[in-house]
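The chain contents come next:
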Amino acid sequence: MEFKSVVGWRRSIRFFDPWREVEREKIQTILEAIYRAPRVLEIDFVRVVVVLRDELSADEMQTLKTPTTTAQLDMAPVYIFFFADLEAIEPACRGDNFRQLINMGVLNPSHGWTEEFAVGTAGQYIRTILDDEDRVPLRLPVGGDSATQIVSREALRLARTAIGIAQEYALLAAVDEGLGAQLSGVNVGAARGILGFPDTWVPSSPMLLGYHGETIEAGGQRPREPFEEDFFELRYGHPFYREPAVVDRLKAAEMIQDPAPFSWRMDEVRGLARKFGLPD
Amino acid sequence: MAEIDSADVRNAESTRRWLSSRQDLWGASANNDTLIETLTRFCQFAGKSPDEMVDDCLRPGKAGETLTLRTRARRQYMDLIELFEGAVRSRPQGNIARSFLIHNGIAMNPGILP
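Calculation rules
Residues numbered from 1 in each chain as written. Chains lettered and ligands numbered in written order. Predicted model: local features only at pLDDT ≥ 70, side-chain atom pairs only at ≥ 80, totals over all residues. Heavy atoms only, no water. Helix = DSSP H or I, 4+ residues; strand = E, 2+ residues; numbered from the N terminus. Buried < 20%, exposed > 50% of the residue type's maximum accessible area, 1.4 Å probe, protein only. Contact = heavy atoms within 4.5 Å. Areas by Shrake-Rupley, 256 points an atom, 1.4 Å probe, with all protein chains shown as cover. Lys, Arg positive; Asp, Glu negative; His and termini not counted. Charge placed at Lys NZ, Arg CZ, Asp CG, Glu CD. Rg over C-alpha atoms; globule rule 2.2 N^0.38 Å. Expected span 1.5 Å × (residues − 1). Arc of directions from axis to C-beta. Patch = residues over 30% accessible without salt bridge, like charges linked within 9 Å, V, L, I, M, F, W, Y side chains within 5 Å. Salt bridge = Lys/Arg side-chain N within 4 Å of Asp/Glu carboxyl O.

Caption draft 1: Layout of the overall build of chain A. Helix and strand counts for chain A come out as 12 helices and 7 strands. On the principal axes, the C-alpha backbone points of chain A span a range of 65 × 55 × 40 Å. Within the span of chain A, comprising 280 residues, buried residues form 44% of the whole. Expressed as a percentage of contacts within chain A between residues at least 6 apart in sequence, the contacts between residues at least 24 apart total 77%. When the accessible surface of chain A is split by element, carbon and sulfur atoms take 54% of a total near 15,000 Å². Of note, chain A has its 31 positive side-chain charges centred 2 Å away from the centre of its 43 negative side-chain charges.

Have a look at this one:
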């Protein structure tokens with residue numbers, strides 16, 4: 001698919017075909033996309049665990065659910081869990097990744113990068129982030145996951161930014177592979193018990209993955225605030241001019257699609273509820 | 001506790017909220033009598049009135065203006081509906097009980113996979 005079309009067709013999918021497995025090569029393709037996502041401060045934060053629903057026990061499935069994660073967890077055959085490992089910051093404090101990129105001509109003297117700068121200034125800057133006195137719990141003590149480290153708030157922010165970028169790459173790669181996907185909340189304490197991830201990993205919402213159980217339009221593109229309320233030029237309050245010709249071009253490229261709600265959406269949802277034996 | 005009858009169920013505030021919400025979302029319902037009859041059967045199965053079931057699952061927040069979901073009670077009702085569904089051998093009837101709680105703000109769903 002073309003990039004604009006991928007962006008346009010992405011939806012949070014909540015009805016998956018529960019019986020159709022996702023091919024392993026498609027899962028790997030998504031992981032390869034995540035692997036190539038931009039790194040925050042060149043730190044290798046991101047860790048991913050792929051879970052096949054059918055390899056979980058009924059009890060494990062049950063404990064993963066939250067009151068807002070209901071049918072979709074049963075329906076999606078694959079869960080991709082995203083984490084950021086705070087231990088990944090330590091090599092960056094030594095300037096390891098920066099030096100590697102200097103040797104590859106990615107970071108260059110033209111932009112002020114030298115070995116001394118990487119190890120001294122840049123590495124020390126990351127050290128100050130890691131050791132910052134403004135500290136917060138690594139995870140919220142919910143869902144039986146009470147033991148948590150107290151870490152630098154800024155380091156945690158960087159880690160969560162890295163996860164967000166990885167999740168977006170994964171979502172778009174899933175659409176490009178013809179799959180449906182949704183970032184969904186789960187019980188982190190239960191996930192920790194099932195997956196056994198280390199204390200230094202920052203958890204986040206997993207991506208539920210599978211083939212669409214609903215139409216790929218999924219009721220149409222979701223509403224957004226008016227463009228002019230969110231995008232500015234020169235200064236806050238001065239809207240970025242939205243050129244209608246560009247909008248038309250993006251409609252033709254399927255990035256901008258018909259908005260929700262479709263007239264037939266509620267009939268579709270009710271039909272899906274009946275098909276899957278769900279309440280209405 | 002006195003036997004719960006369909007008139008009690010029909011007149012309960014939570015039942016009216018359920019039917020109204022369903023009507024708003026899906027339009028005209030085919031037959032509310034069937035819904036009331038099934039909910040009454042579930043109430044008798046649970047030994048609780050409709051309002052009592054909702055109150056079991058939602059408690060007032062600290063400020064008193066909002067309601068907080070009681071996850072353990074929700075879980076118990078999810079299990080109870082599964083038992084009810086097995087007893088009446090009908091997923092649609094189980095889903096009517098679920099629909100009642102869902103439209104009263106208590107999310108739940110049956111298992112989908114065999």
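Let's pick the thread back up.
Caption draft 2: Region of the structure containing the overall build of chain B. From N to C terminus, chain B includes 6 helices and 2 strands. Its helices and strands taken in sequence order, chain B reads α-α-α-α-β-β-α-α from the N to the C terminus. For chain B, the C-alpha radius of gyration of 14 Å lies close to 13 Å, the compact-globule estimate for 114 residues. Its C-alpha atoms give chain B principal-axis dimensions of about 40 × 35 × 30 Å. If you take every contact in chain B between residues at least 6 apart in sequence, the share linking residues at least 24 apart comes to 57%. When the accessible surface of chain B is totalled, it reaches about 6,300 Å², and 48% of it is carbon and sulfur.

Caption draft 3: Expanded view of helix 2 (residues 24–35) of chain A. All names here are of chain A. The terminal C-alpha atoms of helix 2, which comprises 12 residues, lie 16 Å apart, in line with the 16 Å expected from a rise of 1.5 Å per residue. Those residues of helix 2 that sit buried are Lys26, Ile27, Ile30, Ala33 and Ile34. Buried residues of helix 2, viewed axially, fall in a sector of 115°; they line one side. Exposed side of helix 2, more than 90 degrees from the buried face: Arg24, Glu25 and Tyr35 are the residues found there. The elements touched by buried residues of helix 2 are strand 1 (46–52), strand 2 (78–85), helix 8 (153–176) and strand 7 (207–210).

Caption draft 4: Fine view of a negative patch on the surface. Taken together, the side chains of Glu225, Glu228, Glu229 and Asp230 of chain A present a region of like negative charge at the surface. Topologically, Glu225 of chain A is positioned in the loop between strand 7 and helix 10 (227–230).

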